[in-house]
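Here is how the chains run, residue by residue.
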Amino acid sequence: MKVLVTGGAGFIGSHVVEELVNHQYEVVLIDNLVTGFLGNVLTNVKTYQLDINNPEIEFVFDRERPDYIIHLAAQVSVTASMKDPLLDLQTNIIGTVKLITLAKKYNVKNFVFASSAAVYGEPTYLPIDENHSLHALSFYSLSKCSAEKYIGLYGLNSCILRFSNVYGPRQNADGEAGVISIFINKLVQGGEVEVFGGCQTRDFVYVKDVARACRLAIEGQHNGVYNISSGIETSIKELLTYISDAIGDATIPVYKPIRVGEIERSVLDNSKVSQAFDWRAHYSLSEGLRETIHYYSTVSRPKLPMN
Ligand SMILES: NC(=O)c1ccc[n+]([C@@H]2O[C@H](COP(=O)([O-])OP(=O)(O)OC[C@H]3O[C@@H](n4cnc5c(N)ncnc54)[C@H](O)[C@@H]3O)[C@@H](O)[C@H]2O)c1
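What counts, and at which threshold
- Residues numbered from 1 in each chain as written.
- Predicted model: local features only at pLDDT ≥ 70, side-chain atom pairs only at ≥ 80, totals over all residues.
- Near = placed C-beta within 6 Å.
- Helix = DSSP H or I, 4+ residues; strand = E, 2+ residues; numbered from the N terminus.
- Nonpolar A, V, L, I, M, F, W, Y, C, P; charged D, E, K, R; others polar.
- Buried ≥ 20, exposed ≤ 12 C-beta atoms within 10 Å, placed from the backbone.
- Contact = placed C-beta atoms within 7 Å.
- Axes fitted to C-alpha atoms, helices over the stretch in contact; angles between N-to-C directions.
- Parallel < 35°, antiparallel > 145°, perpendicular 65-115°, else oblique.
- Left-handed = near helix turned anticlockwise from the far one by under 90°.
- Pairing = 2+ DSSP bridges.

Draft legend 1. Broad picture of the site of the ligand. The ligand sits among 30 residues. The nearest are Gly-7, Gly-10, Thr-35, Gly-36 and Ala-74. Among the secondary structure elements, those contributing two or more residues to the shell around the ligand are helix H1 (11-22), strand S2 (26-31), helix H4 (85-105), strand S5 (110-116) and strand S7 (165-167). Here the shell around the ligand is composed, by residue class, of 15 nonpolar, 13 polar and two charged.

Here you go:
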């Protein structure tokens with residue numbers, strides 16, 4: 001079976017590719033390397049360095065005839081989305097619609113879409129299940145909500161996975177999303193750690209568990225919407241304590257006020273996916289952190305030109 005992974009040179013995508021290759025799938029990937037790195041990609045995986053909006057994408061479908069698509073390519077920065085909503089519109093909505101159109105034309109068996117807990121906005125109850133109302137607080141979140149709706153209306157077999165906060169090796173520590181990679185990088189390099197607030201909670205899920213969920217989604221040809229999360233609420237202060245203890249660092253962080261608009265608490269109910277896919281997070285936070293710390297302590301990130 002052949003799987004086309006978009007965004008396969010990125011953080012989550014590169015782990016999805018590895019998971020699929022390890023389970024004997026034939027994998028091809030598309031990535032424009034805007035935030036991804038060729039150094040993240042296994043050498044034997046066929047890679048098309050293309051934007052998902054490029055008309056040549058159809059050539060990839062025609063030539064490769066994928067059985068499944070796992071669509072992870074996206075503009076992922078909330079701040080960038082607020083500065084330039086067109087970025088998200090172009091990649092996350094229009095790019096996705098182009099892919100689902102081709103998926104239908106080329107009889108793809110299942111289309112898996114990487115959505116986000118961001119679609120729920122400020123929760124009205126916890127843990128957040130898939131029936132919670134959607135409330136976009138950023139253009140990034142709006143683009144994920146819109147893409148979900150397009151996929152739903154398109155009438156193709158599809159599986160929407162709403163990831164909570166994903167962490168692990170290869171996450172871009174220069175960005176804003178991966179608080180874990182930011183903390184680890186700062187501590188490993190002996191830098192000052194800034195904590196904005198600290199009492200806010202998040203649901204951290206290890207990237208290899210997320211990659212396994214993506215594989216199970218195509219294997220079971222599942223349809224519908226599923227939260228992919230640990231189901232465990234952890235405060236940023238607790239998280240920093242776990243990381244400092246694991247590294248053996250006693251640096252005192254600099255506390256700053258919580259950023260305006262930041263959600264105070266978030267944890268996702270994962271019982272739907274547990275029942276449907278027989279999936280649960282195999283990695284505890286301490287196991288995932290151990291692997292992630294090991295990565296950042298030993299590996300220097302590949303720095304390749306973008307675009
Ligand atoms: N990391 C998280 O915590 C998290 C949480 C929820 C949802 N997600 C979703 O998971 C997916 C993967 O995110 P990630 O954290 O691995 O980010 P990432 O930036 O590492 O990966 C995105 C990949 O897509 C590629 N890309 C971007 N625009 C493209 C385009 N127009 N054409 C082709 N390739 C393009 C990038 O080069 C990159 O390799 C995204 O859809 C993101 O919205 C991530």
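Draft legend 2. Layout of the environment of Ile-100. One can find Ile-100 in helix H4. Look at Ile-100 and you get buried, because 22 C-beta atoms sit within 10 Å. Separated by 195 residues in sequence, Ile-100 and Tyr-295 have C-alpha atoms that sit 35 Å apart. Dropping the residues within four chain positions of it, Ile-100 is found in contact with Phe-111, Tyr-150, Ile-151, Tyr-154 and Leu-156.

Draft legend 3. Representation of the packing of helix H6 (residues 179-188) against helix H10 (residues 285-298) within the structure. Between H6 and H10, the shortest axis-to-axis distance is 10 Å and the interhelical angle comes to 50°. The orientation of H6 with respect to H10, classified from their angle, is oblique. Considering the relative orientation of H6 and H10, their crossing is right-handed. Counted together, Ile-180, Ser-181, Ile-184, Asn-185 and Val-188 of H6 and Thr-292, Ile-293, Tyr-296 and Ser-297 of H10 form the full contact between these two elements. Among the residues forming the contact of H6 with H10, the class breakdown is five nonpolar, four polar and no charged.

Draft legend 4. How the structure looks around the environment of Leu-126. Inspection of the secondary structure assignment puts Leu-126 in the loop between S5 and helix H5 (139-154). Leu-126 sits 166 residues away from Thr-292 along the chain, and the two C-alpha atoms are 28 Å apart.

Draft legend 5. View of the sheet that holds strand S1 (residues 2-6). As summarised here, the arrangement of the seven strands in space is S3-S2-S1-S4-S5-S6-S11, forming an open sheet in which the pairing is parallel. For this open sheet the edge positions go to strand S3 (46-49) and strand S11 (224-228), each flanked by a neighbour on one side alone. Across the sheet, the mean angle separating the axes of adjacent strands is 20° when strand polarity is ignored. Pairing between strand S4 (residues 68-71) and S5: four bridges, direction parallel. Note on S5: the bridge partner recorded for Tyr-68 is Asn-110.

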